[in-house]
Amino acid sequence: MVRGLYVHIPFCSLKCPYCDFVSITSDDLDLYRRYLEALKTEILLYGNLDFSIETIYFGGGTPSMLDADLLSDFISYIKDQITVIDHPEITVEVNPKTYRYRDFKAIKEAGVNRISIGVQSFNDKNLRTLGRNHTAYDSYKAVEDCLKAGIKNINLDLIYGIQGQSLKDLEKDLEVYTSLPIKHISAYMLTPYEGTPFEQSVREGSYRLKDENELFDMFVLINSYLEDKGFGRYELSNWSKKGYQCKHNLFYWKHIQFLGLGVSAWSFVNGVRFGNITNLNEYLETIRERKKPVAYSESIHKEELLREKIFLGLRLKEGVPLEYLSDRIEIVDNLISEGFGYIEKDRFILTEKGLMVINRIITLLT
């Protein structure tokens, strides 16, 4: 049963230097329409699947580059073509410069009930360093208009580890974030992903990354500050008010079946993980031929599934069942003795110290 639907909208007004997602800088409205028509065709190619869609997530890129009426029409099309439960969680990622009250109102009427705004920081200096094209004012306005339109379930993204960002700067940002009537905060460590302009700047020495101790202090500050303000951490990078965890992302982390549509989108269906073509023109041409645009596919066998359950479970606040680690108990004991984790109700859970070196721990345990 496919319960989640992801839709990749690759268009952006500019490419952020740290972004490693497939995105295309374009404001070609005709291209937007052709892409949406291709998405509609792609849905039909999966008409044989058993759908009971509980979550729809529009990610990117920048989904809010699309006209709100176009996006609303596409949501209606999805509901006409496949089985969607009543009142599903429907999320749209938004750049703070794009949608305003009328746009939020239009997509709310189409069923959108969750908005994720790429704020990153309310400090304009940080935004310039990140290469963002919006200001703190744009973010305030986006939140205000979204709330005015009646969408109360709002996530704001936060980036930490920015060059020149002090703990005091971060605390000021957290103060602003938590002063707003939002339900969810995603806090991501600035990472030099391979092949990005940001990674090249780090390699050339023109951008200095913060060391592990600085990043650890920042993570501890974020976690303690948000917990004090009623945002519970439920995953490595995600905090929410009670009852406002992102259901769609939990599907990823808990291996619940989902279908991804669009260029570069990934899916997990019937024990198979598959990924779409990453080139936009090739994707459009494949859809024109009424072929599934799958470029990569692999069956997830029992051993691999267990490995994934371990490394994804370690990201979650609830941790992983000890039974998953039955042949690695000595390693678990060592990690606990070094302060990287603890056991609670027969589950192994990482501490803040452990979360900061999670990739090393995953290597040890998988």
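This text gives an overview of the structure that appears in the document. Fair warning: this is a prediction, and the values are worked out from it, not measured in the lab. (Residues numbered from 1 in each chain as written. Predicted model: local features only at pLDDT ≥ 70, side-chain atom pairs only at ≥ 80, totals over all residues. Heavy atoms only, no water.)

**As for the pattern of salt bridges**
Opposite charge on two side chains lets them pair, provided their charged atoms get close.
Thinking step 1. Following the criterion strictly, the structure yields 24 salt bridges and no others.
Thinking step 2. Residue Arg203 is joined to Glu199 by a salt bridge in which the shortest nitrogen-to-oxygen separation is 3.1 Å. Taken together, the positions of Arg203 and Glu199, both in helix H7 (residues 197–204) and four residues apart, correspond to about one turn of that helix.
Thinking step 3. The exposure class of Arg203 is exposed, given its relative accessible area of 56%.
Thinking step 4. For Glu304, the salt bridge is made with Arg307, and the minimal N-O distance between the two is 3.2 Å. Of this pair, Glu304 and Arg307 both sit in helix H11 (residues 302–313), separated by three residues, roughly a single helical turn.
Thinking step 5. The class of Glu304 is partly exposed, set by a relative accessible area of 25%. (Salt bridge = Lys/Arg side-chain N within 4 Å of Asp/Glu carboxyl O. Helix = DSSP H or I, 4+ residues; strand = E, 2+ residues; numbered from the N terminus. Buried < 20%, exposed > 50% of the residue type's maximum accessible area, 1.4 Å probe, protein only.)

**Looking at the pairing of strand E7 (residues 153–160)**
Thinking step 1. Among the eight residues that make up E7, eight are buried, leaving the element largely enclosed by the rest of the structure.
Thinking step 2. Residues Asn153, Asn155, Asp157 and Ile159 line one face of E7 and the alternating positions Ile154, Leu156, Leu158 and Tyr160 line the opposite face, and both faces are buried.
Thinking step 3. Across five bridges, strand E6 (residues 114–120) lies against E7 in parallel orientation. Directly across from Ser116, in E7, lies its bridge partner Asn155.
Thinking step 4. Of the pairings in the sheet, the one linking E7 to strand E8 (residues 184–189) comprises six bridges and is parallel in character. (Pairing = 2+ DSSP bridges.)

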